[in-house]
Amino acid sequence: MNSVILHTATRILTSLILMFSIYILYRGHNEPGGGFIGGLIAASGIILYSVAFGSSWARHGLRVSGLSVAGAGLFFAALSGVLSGIQGQPFLTGLWYFPKLGIEAKVALSTPLLFDIGVYLVVVGALTTIALELEEARD
Amino acid sequence: MIAWLLFWPVLIPILTAALCLIFWTRPDVQRTLSLLGTAVLAAGILALFREVWTGGIVSVQAGDWPAPFGITFVADTLSVTMAALTALIGLGVAVYALGDIGHVRESNGFHPLFQALLAGVGGAFMTGDIFNMYVWFEVMVIASFGLITLGGEREQIDGGVKYVLLNLIATTLLLMAIGLLYGATGTLNLADLAQVVPGHPDQGLLTAIAALFLLAFAMKAAVFPLYFWLPASYHTPAAAISAVFAALLTKVGVYALIRVFSLVFTPTHEFTYAVLLVAGIATMLVGVLGAIAQDDVRRVLSFNLVSGIGFILIGVGLGTALGLAGALYYTVHHIIVMSALFMVAGVAQRLAGAPGLNDLGGLYLKHPWIALLFFFVAMSLAGVPPLSGFWPKVILVKAALATDAYIVAAAALVTGLLTLYSMAKVWALAFWKAQPDHVVAAAGPGILETGEMSRGEQRLTLLPVAVLALATLLIGLYAQPLLTLSERAADELINHQPYISTVLGGEGA
């Protein structure tokens, strides 16, 4: 779409939306949010970009096929379940790690977070693929 | 390690599907991954089978959540046998697909969808949680809808819509039944349900819920009168896809039926058993009569598939250990034979360039080996000794006579005879008779030399068929091991106390 307002706004908004989606992804374990909704937000950012600049630029920006992103997500999600095997626990057992960062806030790294990252990537990949296909089918 | 093998049927296909998606633009890599994945899957499940065979039932709690609350995976003789067959058929179809599936379907995602289907089937077999089972059913429906429409021909969309609509209705009914059962009992774990349901005060409500389960699973298993989606759709996709559907999808419905109606709704619910017997007889007869009336070879086979489900149902419906053993034996035989038949029919149709019995013919003259393979497997389906179809029919008829169910025995024998007729008709018309003049006139006399298949493709597609044909011969000649297996699985289903104590006894990792 050839509009100066949209182009200018999109440049800022897309990066803001993507950052916000990661924030939503991370807070999701105990508060509203998580991989699914985060993925939806990220996909909406990419879709906004493709509306403003065209799907070929959006594809260029993604660098890999959306389905590969989804596949990587599925792989991470499955991997998060397998990691517990290193400690001899059953599939999908949650493992938690609290790194000492020397700051007051507590940062939690866990296999549920890895699973959520997987969900995030699946949603981003799948929705982006569908949206870009639909956009190109319209042209 | 054994705890991990329980998740093998789900984990390996999902990882393979993920890797296939990552290599989306490289069908050649996907092909290797698919073969490798199914081989690893088969190896792992065979190891699990050995463990269960020597050590008895094992269970594991996903995420280490204790039994009635978390999701349990259980491997008893029945579930591990079904999972092993899934993996072996998966491997066979993965090889067959090399020569059958073609570039277009491959680049549109055959491999990841196929692996997702295997994950759904494997999960449904291994899970010990009724809601989790529903989730795997959904995974199967989504993957199979993708597979059935792969290629995007008009006929496929038509078949696919019928397939997915009726399957979605079935899964919705299943979800409703699960919701009601959870509301009535407060638990979803099958072993826990087996303890709660018999002593529940409101048995009337539970019978109604059981009927809802029966309806949902019967639709999935293509039982009369809910079978019509199957012959309307199974002949439309590529042969590799219809072979895996024919081998596994209806069997998951049958498995779920057997599992739920032996563990949760036990034979005290006599009403459901009477329904099973009547539905079984009707399914057998309607299926085989439909098969005789059809022209497209794969539609003939689809109706025979439905008819076979009827055999399994009467075994379950008789409610005796012998009947159940016969049903399980028949299930194993049917999985092997049906996938082989769909595979070889696919080759025949591609060689002749036509799907119908009217246009086929002359294959025996040009491709005697293919014709012989079909004959062999078809006779096994019809129950000709010494092939594998003979023994389960003997067991089922014997079980029917032992309970004085003479009508059931008669129906089984009549169906067997009609199956023989239907298979002989396909053999005579598609393979034995001379090539019809109108086909020769239209396509030239050379059409049957290779059709649209190269020699290499023919070898790749016929290899799994030959292995499966050998399997049906071996099972037929050397029947005792499988009979022992079926009897043990049936015994575990009827005396299910060990299953319950394994799941609820807190034996985690």
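Since the model is a prediction, treat every value here as computed from it, not as a measurement.

About the criteria used
- Residues numbered from 1 in each chain as written.
- Chains lettered and ligands numbered in written order.
- Predicted model: local features only at pLDDT ≥ 70, side-chain atom pairs only at ≥ 80, totals over all residues.
- Heavy atoms only, no water.
- Domains from an automatic or database assignment.
- Buried area = accessible area lost by both parts, 1.4 Å probe.
- Salt bridge = Lys/Arg side-chain N within 4 Å of Asp/Glu carboxyl O.
- 1 Å grid on protein atoms, 1.4 Å probe; cavity = no way out; pocket = protein on both sides within 12 Å on 5 of 7 lines; lining within 4 Å.
- Points joined across faces, edges and corners; volume = space filled by probe spheres on them.
- Helix = DSSP H or I, 4+ residues; strand = E, 2+ residues; numbered from the N terminus.
- Nonpolar A, V, L, I, M, F, W, Y, C, P; charged D, E, K, R; others polar.
- Axes fitted to C-alpha atoms, helices over the stretch in contact; angles between N-to-C directions.
- Parallel < 35°, antiparallel > 145°, perpendicular 65-115°, else oblique.
- Left-handed = near helix turned anticlockwise from the far one by under 90°.
- Contact = heavy atoms within 4.5 Å.
- Polar contact = N/O pair within 3.5 Å; in protein donor to acceptor, adjacent residues only side chain to side chain.

**Considerations on the domain arrangement of chain B**
Buried accessible area, meaning the area lost when the parts come together, often serves as the stated size of an interface.
Residue and element names in this part refer to chain B.
And then number 1: Structurally, chain B comprises domain 1 (1-223) and domain 2 (268-455).
And then number 2: If you average the C-alpha positions of domain 1 and of domain 2, the two centres end up 25 Å apart.
And then number 3: Per-residue buried area on domain 1 facing domain 2 is highest for Tyr96, Leu214 and Val223; these three make up 33% of the total on that side.
And then number 4: Between domain 1 and domain 2 we count one salt bridge in total.

**Brief notes about the layout of surface pockets**
And then number 1: In this model, the largest pocket occupies a volume close to 1,700 Å³.
And then number 2: Considering the residues around the largest pocket, the lining is formed by 49 residues, among which Leu74(A), Val122(A), Ile14(B), Ala116(B) and Val139(B) are closest to the centre.
And then number 3: Breaking the lining of the largest pocket down by element, the ones donating at least two residues are α4 (66-82) and α5 (111-138) of chain A together with α2 (8-22), α6 (110-126) and α7 (130-148) of chain B.
And then number 4: The biggest single contributor to the lining of the largest pocket is α5(A), with eleven residues.

**Regarding empty space enclosed by the protein**
Residues and elements named next belong to chain B.
And then number 1: The full count for this structure, using the stated rule, is six cavities of 30 Å³ or more.
And then number 2: Considering only enclosed or pocket space, the largest cavity measures out at about 80 Å³ in volume.
And then number 3: Taken together, Phe137, Met140, Val141, Ser144, Tyr163, Asn167, Lys220, Trp229 and Leu249 form the lining of the largest cavity.
And then number 4: Per element, the largest residue contribution to the lining of the largest cavity is four residues, and it comes from α7.
And then number 5: For the lining of the largest cavity, the per-class residue count stands at six nonpolar, two polar and one charged.
And then number 6: As for the second largest cavity, its lining consists of Thr77, Leu78, Thr81, Met82, Leu328, Thr331, Val332, Leu485, Ser486 and Ala489.
And then number 7: At the level of elements, α4 (77-100), α15 (321-352) and α23 (480-494) are the ones that each hand at least two residues to the lining of the second largest cavity.
And then number 8: Considering every element that reaches the lining of the second largest cavity, the biggest residue donor is α4, with four residues.

**What to know about the packing of α4(A) against α2(B)**
And then number 1: α2(B) packs onto α4(A) with a crossing angle of 150 degrees between their chain directions and a minimal axis gap of 7 Å. In this view, α4(A) runs roughly antiparallel relative to α2(B), as classed from their interaxial angle. In the crossing of α4(A) with α2(B), the sense of the turn from one axis to the other is left-handed. Listed contacts from α2(B) to Leu67(A), Ser68(A), Gly71(A), Ala72(A), Leu74(A), Phe75(A), Ala78(A) and Val82(A) of α4(A) are Leu11(B), Ile14(B), Leu15(B), Ala17(B), Ala18(B), Leu19(B), Leu21(B) and Ile22(B).

**Observations concerning the interface of chain A and chain B**
And then number 1: Contacts between the two partners involve 18 residues from chain A and, on the opposite side, 17 residues from chain B.
And then number 2: Of the roughly 1,500 Å² buried where chain A meets chain B, counting both sides, 82% is carbon and sulfur surface.
And then number 3: Across the contact surface, chain A and chain B share three residue pairs in polar contact (both at pLDDT 80 or more).
And then number 4: Here the side of chain A that touches chain B is composed, by residue class, of nine nonpolar, nine polar and no charged.

**Focus on the packing of α4(B) against α23(B)**
Packed helix pairs are characterised by how far apart their axes lie and by the angle those axes make with each other.
Residues and elements named next belong to chain B.
And then number 1: The contact between α4 and α23 brings their axes to 8 Å, and the two run at 130 degrees. Our classification of the angle between α4 and α23 gives oblique. Contact with α4, carried on its side by Thr77, Leu78 and Thr81, involves Leu485, Arg488, Ala489, Glu492 and Leu493 of α23 and no other residues of that element.
And then number 2: Classifying every residue of the contact of α4 with α23 gives four nonpolar, two polar and two charged.

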